[in-house]
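Here are the chains, one letter per residue:
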Amino acid sequence: MAENRASDYAEGTPCWVDAQLPDVEAGKRFYGGLFEWTFEDQPERPEWPAPASQPAPSPGTVRALLDGEPVASLAHKPDGRLPTVWTVSFATPDIGALCRRIVAAGGQLVSAPRPVGELGVTALVTDPEGAVFALWQPGDRPGFGRRHERGSFAWAELYTRDTEAANAFYGGLFHDALFGEGVEPDFGRALVSDVFPAEMPPHFLVHFAVEDPAATMAEVTRLGGRVQVPPFDTSYGTVAVVTDDQGASFALLSR
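Model, not experiment: these values are computed from the prediction.

So, how was this worked out
Residues numbered from 1 in each chain as written. Predicted model: local features only at pLDDT ≥ 70, side-chain atom pairs only at ≥ 80, totals over all residues. Heavy atoms only, no water. Salt bridge = Lys/Arg side-chain N within 4 Å of Asp/Glu carboxyl O. Helix = DSSP H or I, 4+ residues; strand = E, 2+ residues; numbered from the N terminus. Buried < 20%, exposed > 50% of the residue type's maximum accessible area, 1.4 Å probe, protein only. Pairing = 2+ DSSP bridges. Axes fitted to C-alpha atoms, helices over the stretch in contact; angles between N-to-C directions. Arc of directions from axis to C-beta. Contact = heavy atoms within 4.5 Å. Polar contact = N/O pair within 3.5 Å; in protein donor to acceptor, adjacent residues only side chain to side chain. Parallel < 35°, antiparallel > 145°, perpendicular 65-115°, else oblique. Left-handed = near helix turned anticlockwise from the far one by under 90°. Nonpolar A, V, L, I, M, F, W, Y, C, P; charged D, E, K, R; others polar. Phe/Tyr/Trp six-rings, centres within 6.5 Å; stacked < 30°, edge-to-face > 60°. Lys NZ or Arg CZ within 6 Å of the ring centre and 35° of its normal. Core = buried A, V, L, I, M, F, W, Y, C linked by side-chain atoms within 4.5 Å.

A. Up close: the pattern of salt bridges. Enumeration according to the criterion identifies seven salt bridges in this entry. A salt bridge links Arg 101 to Glu 11; the shortest N-O distance between them is 3.2 Å. Here the residue Arg 101 occupies a position in helix α2 (residues 95-104), and Glu 11 occupies one in the segment before β1 (14-21), the gap between them amounting to 90 residues. The exposure class of Arg 101 is partly exposed, given its relative accessible area of 33%. With relative accessibility at 24%, the residue Glu 11 sits in the partly exposed group. When the shortest N-O distance is used, the salt bridge between Glu 149 and Arg 146 registers 3.2 Å.

Written out as structure tokens, the structure is:
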């Protein structure tokens, strides 16, 4: 069932994900094969980080569809020095006010709010530890057309070196979405422990729903990706961490 309704996206709810890739056509082959996504040209998402002036539409951006409903974007990475990553966007009714609150709480503004046609307004920010995430103030597009089902967004996990500080920062920004009565958050925080490389920075890991992480891992490998962490149990399901064939990390989640 499609879930692209503005009422589903209270402030602080993950509402979109996009990948910055060196080769969008290769990304279409990989994710189309893995999740049965189809694609349509969508020159709508800005390049990250953005120039100071209002940008032209980013060339080569495509919108991924699952059974005809939007689930993600793949965008061309214009500079090889930029990371190949999946970025999660959090919903907000007032992106300017939220950006000011983020800076006041110790975060940083990477890319100032700017419109994406009639679809909405976006910005790129970091938390005080440097973990990067995006904001989305909806216009014509509230967010995902599908989520919480096979091949669509299921969870965002923040890997941080200070979970108490992360809870204070995000709890202050998104209290109702995280801790409100009766809510079921799509966003968790986990400690970057000694099992991770010392150079690993705090970051968000986007999770996609699958029926069997082990079986999907085999498909990831067949398509040219690799397994970073085999399946392990968490409080929110069974997770495996993988990368696509261009190096973007993401997770597979079974509940």
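B. Up close: the sheet that holds strand β8 (residues 132-138). In spatial order, the strands read β2-β3-β4-β1-β5-β8-β7-β6; together these eight strands make up an open sheet with mixed pairing. Taken across any chain shown, the strands that pair with only one partner, and hence form the sheet edges, are β2 (38-41) and β6 (108-116). The mean angle between the axes of side-by-side strands here comes to 25°, regardless of whether they run parallel or antiparallel. Strand direction decides the pairing type here: β6 and strand β7 (residues 120-126), joined by six bridges, are antiparallel. Note that in β7 the partner of Ser 111 across the bridge is Leu 124.

C. Layout of helix α5 (residues 213-222). What α5 keeps buried is the set Pro 213, Thr 216, Met 217 and Val 220. Buried residues of α5, viewed axially, fall in a sector of 110°; they line one side. In this fold, the buried residues of α5 make contact with α1 (24-35), β12 (226-234), β13 (237-243) and β14 (249-254). By the N-cap criterion, in which a side-chain oxygen at the helix start approaches the backbone nitrogen of a residue two or three places on, α5 is capped by Asp 212, the distance to Ala 214 being 3.1 Å. Trailing α5 by a residue or two, Gly 224 shows a phi angle of about 105°, which is positive.

D. Highlighting the packing of α1 against α5. Between α1 and α5, the least distance of the axes is 10 Å, while the angle of their chain directions is 155°. Put simply, α1 runs roughly antiparallel to α5. Regarding α1 and α5, the two cross each other, and that crossing is right-handed. Residue-level contacts link Phe 30, Gly 33 and Leu 34 of α1 to Thr 216, Glu 219 and Val 220 of α5. Each residue belonging to the contact of α1 with α5 can be placed in one class, and the counts come to three nonpolar, two polar and one charged.

E. How the structure looks around the packing of aromatic side chains. Applying the stated rule across the entire model yields 28 aromatic pairs. Between Phe 90 and Phe 174 the ring centres are 5.4 Å apart and the planes differ by 20°, which places this aromatic pair in the stacked class. Taken together, the positions of Phe 90 in strand β5 (residues 85-91) and Phe 174 in the loop between α3 (163-173) and α4 (175-179) put the pair 84 residues apart, joining distant regions of the chain. An aromatic cluster of at least three residues, connected via ring pairs, comprises Phe 30, Tyr 31, Phe 35, Trp 37, Phe 39, Trp 86, Phe 208 and Phe 250. Sitting over the face of the ring of Phe 187, Arg 189 holds its NZ or CZ atom 5.0 Å from the ring centroid.

F. View of the nonpolar core. Counting 59 residues, the largest nonpolar core has Trp 37, Trp 86, Phe 133, Tyr 170 and Phe 250 as its most contacted members. When residues no more than four places from it in sequence are discounted, the contact partners of Tyr 170 are Asp 127, Phe 133, Leu 158, His 175, Leu 178, Phe 187 and Phe 204. If you look at the next biggest cluster of nonpolar residues, it comprises 12 residues, including Trp 155, Ala 190, Leu 205 and Ala 209.

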